[in-house]
Amino acid sequence: MSSSPAPDALLGPADVRELAAALGVRPTKQRGQNFVIDANTVRRIVRTADVRPDDVVVEVGPGLGSLTLALLEVADRVTAVEIDDVLAGALPATIVARMPERAERFALVHTDAMHVSELPGPAPTALVANLPYNVAVPVLLHMLETFPTIERTLVMVQAEVADRLAAGPGSKVYGVPSVKANWYAEVKRAGSIGRTVFWPAPNVDSGLVSLVRRTEPLKTTASRREVFAVVDAAFAQRRKTLRAALAGWAGSAAAAEAALVAAGVSPQARGEAITVEEFARIAEHRVGHDTEHRVGHDTEEQTHP
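Small disclaimer: the values here were computed from a predicted structure and weren't measured. (Residues numbered from 1 in each chain as written. Predicted model: local features only at pLDDT ≥ 70, side-chain atom pairs only at ≥ 80, totals over all residues. Heavy atoms only, no water.)

Averaged over all residues, the pLDDT of the protein equals 91, while 90% of them reach at least 70. The low-confidence segment residues 1–5, where pLDDT is below 50, has 5 contacts with residues more than four positions distant or belonging to other chains. Taken as a whole, residues 290–305 scores under 50 in pLDDT and shows 26 contacts with residues more than four places along the chain or in a different chain. (pLDDT = per-residue confidence, 0-100. Contact = heavy atoms within 4.5 Å.)

Here it is, written out as structure tokens:
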């Protein structure tokens, strides 16, 4: 007996609609739900994510299980995080019905991904998800921060969000998501997904974003929280120079200028021109930074990748 899944184990358009009808599920705009109804698309996502037979994959927002089943075909284990009561209740039965030989390699965590702090079983090595458009960036950043063992990530998000995440300094769409994602990983666009593979078809195109975690954390004496505070301040008033935008963060425009000069960054520059490494240097030169460290940020915060 072969242990490989049956060729028709994945969900097609009719399967998705039948499952949804049986559960009384209508995709909701509030949760940004758009279910993938094309088996070729989910297999393409798994290939693009470079999912390997020894991977422990965490999936956020599995919905009816289209991508979950494709991940289970390849990965060693899959843990799905689902907030929706009805979908969370139904997913294990779908796995058992369609891929019984892999069911023991599947785990479900019924909670909000923004609040998940631990997962059952071995530590995750990969994150693959079709993220709801309205929470994509905060969920992604939370997962990367909470689970440092995640080496590779592939998320499907709204095309505009994908562009922002993968943007480099100098781009018009470079901003807070770009810098914060880059703190953790090398980020790049990994493809586009058309509207017709979803039910219901969204009003926007989708994009794939690949994030490969930095093998070495950024070298900085500033904590992640301190660096992110500079990033938030710099982009809160994008049109202002950093000297003006960081005045509140530093305590005054003069203090901001001193920190910028010490960090080797022009006080006349704007946030959209600055790399994550430069933001880290600015954070290191805030007046009182060393004092704050002596008073004590928790050690985890200082050493976290």
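Pairing within the open sheet is mixed, and its 7 strands lie in the order β4-β3-β2-β5-β6-β9-β7. Two strands close off the open sheet at either side, each with one partner strand: β4 (106–110) and β7 (185–193). The mean inter-strand angle of the sheet, taken between neighbouring strand axes irrespective of direction, is 20°. As paired strands, β7 and strand β9 (residues 206–213) are joined by 8 bridges and run antiparallel to one another. Each bridged residue has a counterpart across the sheet, and for Ile 193 the counterpart in β9 is Ser 206. The sheet strands contacting helix α5 (residues 136–146) are β2 (56–60), β5 (126–130), β6 (152–158) and β9, and the helix crosses β6 at an angle near 170°. With respect to the sheet, helix α7 (residues 176–184) is in contact with β7 and β9, its orientation differing from that of β7 by roughly 120°. (Pairing = 2+ DSSP bridges. Helix = DSSP H or I, 4+ residues; strand = E, 2+ residues; numbered from the N terminus. Axes fitted to C-alpha atoms, helices over the stretch in contact; angles between N-to-C directions.)

What follows deals with the environment of Gln 268. By the element assignment, Gln 268 lies in the loop between α11 (253–262) and α12 (276–284). If sequence neighbours within four positions are ignored, Gln 268 has contacts with Thr 241 and Arg 243.

Another aspect to go through is helix α3 (residues 66–74). Of all 9 residues making up α3, 7 are buried, and the element is well covered by its neighbours. All buried positions along α3 are accounted for by Ser 66, Leu 67, Thr 68, Leu 69, Ala 70, Leu 71 and Leu 72. (Buried < 20%, exposed > 50% of the residue type's maximum accessible area, 1.4 Å probe, protein only.)

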